Amino acid sequence: YTKKYKTNQYTVYSEELDQQSADRLVIERELKSAITKQEMVLYYQPITDLKSGQLSAMEALIRWNHPELGLVPPDRFIPVSEETGQIVSIGRWVLHTACTQNKAWQDQGYPPIKICVNISTIQLQQLNFVQTVKAILEETGLNAKWLELEVTESILLVDTDLLKCSLQSLKELGVSMSIDDFGTGYTSLSYLRQFSFDRVKIDRSFVEDISTDLNGKAITASIISLAHQLNMTVVAEGIEDIAQLTFLQCQQCDEGQGYYFGRPLPAELHDLNTRFKK
Ligand code: C2E
Ligand code: MG
Ligand code: MG
Ligand code: MG
């Protein structure tokens, strides 16, 4: 009886795995034509200056609008695209589209803001990454100071001369760099500083904890304070309510992002006239 039970369990487990690898194969196959079929879209989420209440940046967040799979969130296809290398062309499309959009907002007469673009560690390790960024800025006419690249802490596990050289060249180009989801990896802020990052984005999980436990408050406050001592600015991710916002303001957090200020939306659905009047 025990044996049969175990066998059954094994069967269930393996069917789940089969399903997962089948999904993965579909995603991998469909991704090949996603860009040429114009199935990718960028959503933009506001980042707000917590002192003035002014809009200071927008983060570009990719969505995949597939005719059968529906609106696929990035967590379902970015990891696959990183494994297959497809992230390189997807990432180039994201950069180009985001810079084009930011330039368009400026040309429409809105006060200039930064566009924040998520960059995969795989992209940043490409030999020609800096060249690609430079070419995109030239093609789109966007000034480098309005572009910020977000990378996760995992980049710091890649301790190569190429990476150091690329980060240095990006800095010389005038692009700013931020560390995304800070606190979820194992790096220290002082280590980050050596790599000349300008900003730290505190991961949403800590902001969530602000309202629920005391540790969340202590951790968030100390990240902000240490980042400031190291001359980095701080953005808090995932602000959903006024209690979190008030706490972050009291701790001198520089900027905030989250559903409290606005959800990610396609460019045409943003009412920038109201956003800029605030
Ligand atoms: P991320 O860069 O940390 O982006 C923030 C994520 O938090 C977004 O999820 C956003 O929709 C969500 N979010 C923002 N405010 C709130 C809030 O108040 N509450 C909650 N619960 N969530 C909030 P999204 O758009 O699903 O993106 C997930 C991740 O996928 C991103 O995390 C980023 O790591 C990755 N990603 C998105 N777009 C790109 C891209 O173009 N390239 C690369 N390489 N990765 C991307
Ligand atoms: Mg991000
Ligand atoms: Mg993040
Ligand atoms: Mg995140």
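Calculation rules
Residues numbered from 1 in each chain as written. Chains lettered and ligands numbered in written order. Predicted model: local features only at pLDDT ≥ 70, side-chain atom pairs only at ≥ 80, totals over all residues. Heavy atoms only, no water. Near = heavy atom within 4 Å. Polar contact = N/O pair within 3.5 Å; in protein donor to acceptor, adjacent residues only side chain to side chain. Helix = DSSP H or I, 4+ residues; strand = E, 2+ residues; numbered from the N terminus. Donors = N, O, S within 2.8 Å, 3.2 Å for Na, K, Ca; no water. Buried < 20%, exposed > 50% of the residue type's maximum accessible area, 1.4 Å probe, protein only. Salt bridge = Lys/Arg side-chain N within 4 Å of Asp/Glu carboxyl O. Core = buried A, V, L, I, M, F, W, Y, C linked by side-chain atoms within 4.5 Å. Contact = heavy atoms within 4.5 Å. Pairing = 2+ DSSP bridges. Right-handed = clockwise from strand over helix to strand, strands pointing away. Disulfide = S-S within 2.5 Å. Expected span 1.5 Å × (residues − 1). Arc of directions from axis to C-beta.

- Per an unreviewed UniProt entry, the chain goes by the name Diguanylate cyclase (GGDEF)-like protein/PAS domain S-box-containing protein and belongs to Planomicrobium stackebrandtii.

Here we look at the site of ligand 1
Part 1 of the reasoning: If you check the shell around ligand 1, you find 23 residues, and the closest are Arg63, Asn118, Asp180, Glu240 and Tyr259.
Part 2 of the reasoning: Arg63 is positioned such that a nitrogen or oxygen atom in its side chain is 2.8 Å from an oxygen atom of ligand 1.
Part 3 of the reasoning: At 3.0 Å, a side-chain N or O of Arg204 approaches an oxygen atom of ligand 1.
Part 4 of the reasoning: Among the secondary structure elements, those contributing two or more residues to the shell around ligand 1 are β2 (55–66), α2 (74–84), α3 (87–107) and β6 (176–182).

Observations concerning the coordination of the magnesium ion (ligand 3)
Part 1 of the reasoning: The protein atoms donating to the magnesium ion (ligand 3) are Asp180 (OD), Asp181 (OD), Glu237 (OE) and Glu237 (OE), with metal-donor distances spanning 1.8 to 2.7 Å.
Part 2 of the reasoning: As a motif over one chain, the donors of the magnesium ion (ligand 3) read D-D-x55-E.
Part 3 of the reasoning: Assessed through its relative accessible area of 6%, Asp180 is described here as buried.
Part 4 of the reasoning: For Glu237, a relative accessible area of 11% corresponds to the buried category.

Describing the pattern of salt bridges
Part 1 of the reasoning: A full pass over the atoms with the stated rule returns ten salt bridges.
Part 2 of the reasoning: It is possible to trace a salt-bridge network through shared partners that takes in Lys114, Glu148, Arg199 and Glu255.

Remarks on the nonpolar core
Part 1 of the reasoning: Within the largest apolar cluster, 74 residues are counted, with the highest numbers of intra-cluster contacts made by Leu147, Leu149 and Phe197.
Part 2 of the reasoning: Considering each element in turn, this core owes the most residues, seven residues, to α3.
Part 3 of the reasoning: Once residues lying within four places of it in the same chain are set aside, the contact partners of Phe197 are Val151, Ile155, Leu156, Leu167, Met177, Ser178, Ile179, Leu192 and Met232.

So, the pairing of β6
Part 1 of the reasoning: Across the seven residues that make up β6, a large majority, six, are buried.
Part 2 of the reasoning: Pairing between strand β5 (residues 147–152) and β6: five bridges, direction parallel. Paired with Glu148 across the two strands is Ser176, which belongs to β6.
Part 3 of the reasoning: At this point the chain moves from β5, through helix α6 (residues 161–173), to the parallel β6, and the crossover so formed is right-handed.

Brief notes about the pairing of β2
Part 1 of the reasoning: The element β2 is extensively covered by neighbouring structure, given that ten of its twelve residues are classed as buried.
Part 2 of the reasoning: The pairing of strand β1 (residues 40–49) with β2 spans nine bridges and is antiparallel. Directly across from Gln45, in β2, lies its bridge partner Glu59.
Part 3 of the reasoning: The antiparallel hairpin formed by β1 and β2 contains five residues in its connecting segment, where Gly53 sits at a positive phi of about 75°.
Part 4 of the reasoning: Where β2 meets strand β3 (residues 70–72), three bridges bridge the pair, whose relative direction is antiparallel. Residue pairing for β3: Trp64 is matched across the bridge by Val72.

Looking at the state of the cysteines
Part 1 of the reasoning: Taken as a whole, this structure holds zero disulfides when the rule is applied.
Part 2 of the reasoning: For Cys99, which is in no disulfide, the shortest distance to another cysteine sulfur is to Cys116 and amounts to 11 Å.

Side note on α6
For an α-helix, the turn length of 3.6 residues means that residues three or four places apart are oriented alike.
Part 1 of the reasoning: For α6, spanning 13 residues, the distance from its first C-alpha to its last is 18 Å, which sits close to the expected 18 Å at 1.5 Å a residue.
Part 2 of the reasoning: Along α6, the residues classified as buried are Leu163, Ser166, Leu167 and Leu170. Each buried residue of α6 sits inside an arc of 100° when the element is viewed along its axis, so together they form one side. Among the exposed residues of α6, those pointing more than 90 degrees away from its buried face are Asp161 and Glu172.
Part 3 of the reasoning: Elements in contact with the buried residues of α6: α4 (121–124), α5 (129–140), β5 and β6.
Part 4 of the reasoning: Gly174 sits one or two residues past α6 and shows a positive phi near 100°.

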